Amino acid sequence: MTRTANARQDARDNTAKLQSAALVIFARLGINAPLEAIAKEAGVSIGTLYNRYATREELLEALMPGAIEQANSTLTEALKESSDPKSSLELFFNTMMDLQRTDSMLNAALHALPNTTASTNSDGCDELLAIGYRLLDQCHTAKVLSEDFGKQDLFNILWLFSKAICDPAAPNDWEHTIRLLIDTAWVRHPTQL
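Residues numbered from 1 in each chain as written. Predicted model: local features only at pLDDT ≥ 70, side-chain atom pairs only at ≥ 80, totals over all residues. Heavy atoms only, no water.

A.B. asks: In this structure, what is going on with the overall build of the protein? I would like to understand it.
C.D. replies: A tally of regular secondary structure across the protein gives 9 helices and 0 strands. When the helices and strands of the protein are listed from N to C terminus, the series reads α-α-α-α-α-α-α-α-α. Within the protein, buried positions represent 37% of all 193 residues. Restricting the contact set of the protein to residue pairs at least 6 apart, pairs at least 24 apart contribute 65%. As displayed, the protein has an accessible area near 10900 Å², and 52% of this comes from carbon and sulfur atoms. (Helix = DSSP H or I, 4+ residues; strand = E, 2+ residues; numbered from the N terminus. Buried < 20%, exposed > 50% of the residue type's maximum accessible area, 1.4 Å probe, protein only. Contact = heavy atoms within 4.5 Å. Areas by Shrake-Rupley, 256 points an atom, 1.4 Å probe, with all protein chains shown as cover.)

Listed below in C-alpha cells is the structure:
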C-alpha cells in the first residue's frame, strides 16, 4: 500500500471514529456538547476534527441521515402492531416523542425545521412527517379526529416537543400540556360523554 493510500485510509478511519464518538457524546451531553469531548472520545486531536468538519453543523449534517433512517425504521416497525387509525396516530405521537427524548440527533433535526408544513427537509424529516400526515388523513376519514386538527397542528406538536425537551427552563408540566392538546383533538361521540 502506498503512502497516499495509507493516508486516505487513516482519514476514513478518523471520520468513522469521529462520527461514532459524536453519537456517543451527543447522546450523553446533547448536541451542544464540546467538540473537544468528541475528539477525545474518538482518540484524535481537535485539529483532526476541524480538518474533517469545519463546523458543528457539518458534523451534525453528516450524522442526520442515519438518525432519520433509524427513526423511520423504528416508527414503521411500531406502527405494524397498530390496528385502527386512532391507535395508530396515538402510537405515532408516543413513538415520535420517545424517539425525540432518546435520540438527540433526531430531536436536533426536528428542532431545526422551519415552523411550517410547507417546508421540505433534506435530512429526511419530511418522510417522518408524511407518516404522521397519512395517519391524520386516516383518522379524519374514520371521523375519530376533529377536522380542525390538521397537518400544521401535528407539526406544531412535534416541533414544540423538540423545543421544550431541550430547554432546561421549560415548565415541569409542559409534556402534560402537549398530551392534553392531543387528547382534546379526538372526536367524542355521545356515548363517550
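A.B. asks: Before we go on, may I ask you to explain the nonpolar core in this structure?
C.D. replies: Nonpolar side chains tend toward joint burial in soluble globular proteins. Grouped together as the largest cluster of nonpolar side chains are 55 residues, with contacts concentrated most on F26, I38, L89, F92, F93 and L154. For this core, the secondary structure elements donating two or more residues are helix 1 (3-29), helix 2 (35-42), helix 4 (56-79), helix 5 (85-102), helix 6 (104-111), helix 7 (125-141), helix 8 (151-166) and helix 9 (174-183). Considering each element in turn, this core owes the most residues, 9 residues, to helix 4. Residue contacts for I38: discarding those within four places in its chain leaves L18, A21, A22, I25, F26, L49 and L59. (Core = buried A, V, L, I, M, F, W, Y, C linked by side-chain atoms within 4.5 Å.)

A.B. asks: What am I meant to see in the side chain of T95 here?
C.D. replies: For T95, the location among the structural elements is in helix 5. Here L91 takes part through its backbone oxygen, which lies 2.8 Å from a polar atom of the side chain of T95. The residues contacting T95, other than those within four sequence positions of it, are T74, L75 and A78. (Polar contact = N/O pair within 3.5 Å; in protein donor to acceptor, adjacent residues only side chain to side chain.)

A.B. asks: Help me understand helix 8, please; the structure alone is not making it clear to me.
C.D. replies: One turn of the α-helix equals 3.6 residues, which is why residues spaced by three or four share an orientation. Between the first and last C-alpha of helix 8 there are 23 Å, a value that for 16 residues agrees with the 22 Å anticipated at 1.5 Å per step. Taken residue by residue, helix 8 has L154, F155, I157, L158, F161, S162 and A164 as its buried positions. Looking at the buried side of helix 8, the elements it contacts are helix 5, helix 6, helix 7 and helix 9. (Expected span 1.5 Å × (residues − 1).)

A.B. asks: Would you mind showing me how to read the environment of N94 here?
C.D. replies: With respect to the helices and strands, N94 occurs in helix 5. Separated by 85 residues in sequence, N94 and R179 have C-alpha atoms that sit 9.5 Å apart.

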